[in-house]
Amino acid sequence: MVTMMLETLRNVVQEVNTAEGLADALGIIVRRVRDAMGTEVCSVYLIDETTGRLVFRATEGLNAGQVGLASLAPGEGLVGLVAEREEPVNLENAESHPRFQLLQDLGEESFHAFLGVPIIHQREVLGVLVVQQRERRRFDESEEAFLVTMSAQLAGVIAHARVTGSVAEQLPGVAAAPARVSGIPGAPGVAIGTAVVVSPVADLFTVPRRLVDDRRRELRAFRNALDAVRADIQAVSDNLRGEMSPEDHALFDVYLGILDDSAIGGEVAAMIKAGHWAQGALAAVMIRHIRHFERMEHSYLRERAVDVKDLGTRVLGYLQDADRVQGRDYPEHTVLVGEELTASALGEVPRERLVGLISVRGSGNSHVAILARAMGVPTVMGAVDLPYTRLQDRELIVDGYNGTVHLNPLSEVRARYQALVDQDQALSRDLESLRDLPCETPDGHRIPLWVNTGLMADVTRSLEQGAEGVGLYRTEVPFLLRERFPSEEEQRQIYREQLEAFAPRPVTMRTLDIGGDKALPYFPIQEDNPFLGWRGIRVTLDHPEIFLAQVRAMLKANEGLNNLRIMLPMISHVAELDEAIQLIRRSHREVVQEGVEVALPPVGVMVEVPAAVYQARALARRADFLSVGSNDLTQYLLAVDRNNARVADLYHSFHPAVLRALQDVASAGREAGKPVSICGELAGDPLAAILLLAMGYDVLSMNATSLTRVKKAVRNIGYQRAREVLEDVMTLDHATAVYQYLERVMREHGLQQFLHGAVS
Ligand code: PEP
Ligand code: MG
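These figures come from a predicted structure and were not determined experimentally.

Caption draft 1: Expanded view of the environment of serine 462. Looking at the secondary structure, you find serine 462 in helix H14 (residues 456-464). For the pair serine 462 and alanine 58, spaced 404 residues apart in the sequence, the C-alpha separation amounts to 55 Å.

Caption draft 2: Geometry of the coordination of the magnesium ion (ligand 2). Distances from the magnesium ion (ligand 2) to its protein donors, Glu608 (OE) and Asp632 (OD), fall at 2.0 to 2.2 Å. On the criterion of sequence distance, the pair formed by glutamate 608 in the loop between strand E19 (603-607) and helix H20 (610-614) and aspartate 632 in helix H22 (residues 630-638) is long-range, its members being 24 residues apart. The two residues glutamate 608 and aspartate 632 agree in class, both being buried.

Caption draft 3: Here's a closer look at the side chain of glutamate 576. As for its position among the elements, glutamate 576 is in helix H19 (residues 574-593). Salt bridges are absent for the buried glutamate 576, whose nearest opposite-charge side chain, arginine 538, sits at 4.4 Å. Non-local contacts of glutamate 576, meaning those with residues more than four positions away in its chain, are made with Ile537, Arg538, Leu541, Met570 and Ile571.

Caption draft 4: Examining the packing of helix H8 (residues 264-273) against helix H9 (residues 278-294) more closely. Two numbers describe how H8 lies on H9: the axes approach to 9 Å, and their chain directions differ by 135 degrees. Compared by their axis directions, H8 and H9 come out oblique. The interaxial crossing formed by H8 with H9 has right-handed handedness. Two secondary-structure elements touch here, H8 through Ile264, Glu267, Val268, Met271 and Ile272 and H9 through Ala278, Ala281, Leu282, Ala284, Val285, Met286, Arg288 and His289. For the contact of H8 with H9, the class distribution of residues is ten nonpolar, one polar and two charged.

Caption draft 5: Layout of the packing of aromatic side chains. On inspection of all chains with the given rule, the structure shows seven aromatic pairs. A centroid spacing of 6.2 Å and a plane angle of 80 degrees characterise the contact between tyrosine 473 and tyrosine 495, whose relative ring orientation is edge-to-face. You can see tyrosine 473 sitting in strand E16 (residues 470-474) and its partner tyrosine 495 sitting in helix H16 (residues 488-502), a full 22 residues away along the chain. With respect to burial, tyrosine 473 and tyrosine 495 carry one shared label: buried. An angle of 80 degrees between the planes, with centres 5.1 Å apart, marks the rings of phenylalanine 485 and tyrosine 522 as edge-to-face. Separated by 37 residues along the polypeptide, phenylalanine 485 in the loop between helix H15 (476-480) and H16 and tyrosine 522 in the loop between strand E17 (507-510) and helix H17 (537-542) bring together distant segments of the chain. The class of phenylalanine 485 is partly exposed, set by a relative accessible area of 27%. Put simply, the rings of Phe479, Phe485, Tyr522, Phe523 and Trp534 pair up and form one aromatic cluster.

Caption draft 6: Molecular detail of the site of ligand 1. Surrounding ligand 1, one finds 15 residues, the nearest of these being Arg474, Arg510, Gly629, Asn631 and Arg642. Take arginine 510: an N or O atom from its side chain is 2.8 Å from an oxygen atom of ligand 1. With respect to ligand 1, the backbone of glycine 629 contributes an N or O atom lying 3.3 Å from an oxygen atom. The biggest single contributor to the shell around ligand 1 is H22, with three residues.

Caption draft 7: Local environment of unusual backbone geometry. For the bond from alanine 503 to proline 504, the omega torsion is 5 degrees, close enough to zero to count as cis. On the secondary structure map, proline 504 appears in the loop between H16 and E17. In this structure, aspartate 393 takes a positive phi of about 70 degrees despite not being glycine. Within the secondary structure layout, aspartate 393 lies in the loop between strand E12 (379-381) and strand E13 (395-399). In this model, methionine 570 sits at a positive phi of 65 degrees, which is unusual for a non-glycine residue. Its place among the elements puts methionine 570 in the loop between strand E18 (564-568) and H19.

Caption draft 8: Inspection of helix H3 (residues 77-85) at higher detail. Counted residue by residue, H3 has seven buried out of nine residues, so it is predominantly covered. Regarding H3, the residues found buried are Gly77, Leu78, Val79, Gly80, Leu81, Val82 and Ala83.

Caption draft 9: Broad picture of the environment of leucine 755. By the secondary structure assignment, leucine 755 is in the segment after helix H27 (735-748). When the C-alpha positions of leucine 755 and threonine 705 are compared, they lie 16 Å apart, and in sequence the two are 50 residues distant.

Caption draft 10: Spotlight on the pattern of salt bridges. Counted according to the given criterion, the structure contains 32 salt bridges. The salt bridge partner of glutamate 590 is arginine 586, with a shortest N-O separation of 3.2 Å. Taken together, the positions of glutamate 590 and arginine 586, both in helix H19 and four residues apart, correspond to about one turn of that helix. For glutamate 590, a relative accessible area of 22% puts it in the partly exposed group. The class of arginine 586 is partly exposed, set by a relative accessible area of 37%. In this structure, glutamate 748 engages arginine 721 in a salt bridge whose closest nitrogen and oxygen atoms are separated by 3.0 Å. Remark: arginine 721 occurs in helix H26 (residues 719-729) and glutamate 748 occurs in helix H27; sequence separation between them is 27 residues.

Caption draft 11: Inspection of helix H7 (residues 251-258) at higher detail. All buried positions along H7 are accounted for by Phe252, Tyr255, Leu256 and Ile258. Buried positions in H7, seen along its axis, are confined to an arc of 150 degrees and lie on one side of it. Turned more than 90 degrees away from the buried face of H7 sit Asp253 and Val254, all of them exposed.

Caption draft 12: How the structure looks around the domain arrangement of the protein chain. Per the domain assignment, the segments making up the protein chain are domain 1 (2-169), domain 2 (178-432) and domain 3 (435-754). For domain 1 versus domain 2, the distance between C-alpha centres works out to 34 Å. Listed as interface residues are twelve residues of domain 1 and, on the opposing side, 13 residues of domain 2. Interface area for domain 1 against domain 2, summed over the two sides, is near 1,200 Å², with a carbon-plus-sulfur share of 48%. For the pair domain 1 and domain 2, the interface holds zero salt bridges. Summed over the shared surface of domain 1 and domain 2, the number is one residue pair in polar contact (both at pLDDT 80 or more). Sorting elements by how many residues they give to the side of domain 1 that touches domain 2 places helix H4 (residues 141-167) first, with seven residues. Classifying every residue of the side of domain 1 that touches domain 2 by side-chain character gives four nonpolar, seven polar and one charged.

Definitions and cut-offs
- Residues numbered from 1 in each chain as written.
- Chains lettered and ligands numbered in written order.
- Predicted model: local features only at pLDDT ≥ 70, side-chain atom pairs only at ≥ 80, totals over all residues.
- Heavy atoms only, no water.
- Helix = DSSP H or I, 4+ residues; strand = E, 2+ residues; numbered from the N terminus.
- Donors = N, O, S within 2.8 Å, 3.2 Å for Na, K, Ca; no water.
- Buried < 20%, exposed > 50% of the residue type's maximum accessible area, 1.4 Å probe, protein only.
- Lys, Arg positive; Asp, Glu negative; His and termini not counted.
- Salt bridge = Lys/Arg side-chain N within 4 Å of Asp/Glu carboxyl O.
- Contact = heavy atoms within 4.5 Å.
- Axes fitted to C-alpha atoms, helices over the stretch in contact; angles between N-to-C directions.
- Parallel < 35°, antiparallel > 145°, perpendicular 65-115°, else oblique.
- Left-handed = near helix turned anticlockwise from the far one by under 90°.
- Nonpolar A, V, L, I, M, F, W, Y, C, P; charged D, E, K, R; others polar.
- Phe/Tyr/Trp six-rings, centres within 6.5 Å; stacked < 30°, edge-to-face > 60°.
- Near = heavy atom within 4 Å.
- Polar contact = N/O pair within 3.5 Å; in protein donor to acceptor, adjacent residues only side chain to side chain.
- Arc of directions from axis to C-beta.
- Domains from an automatic or database assignment.
- Buried area = accessible area lost by both parts, 1.4 Å probe.

Encoded structure:
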């Protein structure tokens, strides 16, 4: 029974996943659930986002003519009761229940047994799934459990299909339904622009749909890609000719035959002639054939699906290469959309055209979001329900404050967002005037603001915004953009550029911090639990050759400038710090012997795991400075993966435990007489900056975009006032209470414009 149930569940979910739109998906659900449960009726009611009514959206067994017409007000009838209680309602005889209400013309009169379960996605009730039967009987426990499981599995699919429905090809003259997809705030700000969808390299299943005018060009591109793949296969075939029997070797001909005009090649060409771009046509045809082969009874034929997929992927690879060489035309207001956006995808769009980013995966603490904040591009992460492959050329609104995406917005919604865009632009102009003023409270307490960098582009921006130093240079960024480890000399040049650009201001270079969510393409690390695994200092101490080369490159780059500071990531044992200091001293001796005149730079520790908080005193005694990496520290303290959209609302930077840890580290540094800074994203939040100032942090290091925002907050709130606020906040037990308290303080000081962007 259990395996059968699992099997049925899996089949239904799979089938629903391939549905073309919401109606199609719901049709499959009601049909399959009714069959699986052997009932007479299965229906779905969904809540209409604008009216809040429960609309009869699909049925098997009742009057299908009422689909889309019949509806219940919120809380009305048994279906309303299920939605309201967010619990199943299981009745032997529906009519005898006080909340029973007959909907006209549905044809429910003769059905007595009723089982309704809520459809809930991300805590929101989307609708109700109902089965009914003539016989007066209570559905048994296993039936109820089955329907609940089915509903839980289908909720995500329905949420997705609901949005897909509103972006499906529109009928002429019919206004598209507005849709809102919730994700996670990635970078503050609002943007209205045109979607450009990026797909990962050569993945047939993520190719966006797109219509084109220049069909000939697409056809030519397709033919060229086919020729290239044929040549590749021919080359392999020639190589193996002597080593295979003629019969086996004939398989290559079969393989090549698949691409012929008389077979799949012809179908793709026909779709291109109908106006589809080459990549989209190829993907659609190939996926159809892959599915066809996968369903074959005979295992030999089923295996052919792999061949078709391989061929399709090869052709797609060539098409994508050609596209990259030609370069894309980016619209004036480009919103880049992708399943998992990468730094290099961002890099391809001219900065002046890029207005927004949307990533289906990842969260506000993913590295791409950090990059987006550094660049000041409004971003939504973790928009899991976004049917992103269908959004090419659509107008979208990116709300990076609330983490939402709007499709087909109503005109008043669009106008409201346009007003926000204008307001933000005015705010940036206002903030620009603060650039050269010191970051000082009205009662004379000064706190230097530094920046976090990674790309050369950050440097210019940071200097323009008045940065007083670099608190975190993420050295992994240049490593990520290469195809192999950069040599010592290559590294020296990159580091020299950073150090020179900021000299005489200090530049804190972090040693290579890979692992976790940062994988180098040429140094893959496969682990079940990467954030608890081989990352940061653990990797580089195991590979002293990498560590030593990096430190030597830093020291050499520092010659004649002397503004370098070295910082070590992911320290969780004092022994790691001791060992790293030994290696740094050894590198120093070596470069001095080579004739480089350079002093031993200050060496600091990142406090980003709870163990380092508890050992902050011991670490501070050995190091020259401490710097809190609040992004990771929050993740580890709260046991919430910083990239996981599903638990993102548990990632509270104002969690009292996080605040306590931050305060303890500041005191430990003070006691040891060593400076303490913070370089996590929290430092760039004006609300948090006030608390950090009061805790005694010596430096706040943040992305360039936040500099003037934080400065504005600090210049408006007195140090004494900040101390009082901290004292009050530390008595609160709840992250939300902390946030609300800070919100009041910001309003009191006329700083409400920063609220919608604040981390909560
Ligand atoms: C941190 O963890 O807070 C930090 C600054 O490092 P990263 O975000 O690069 O992991
Ligand atoms: Mg970190």
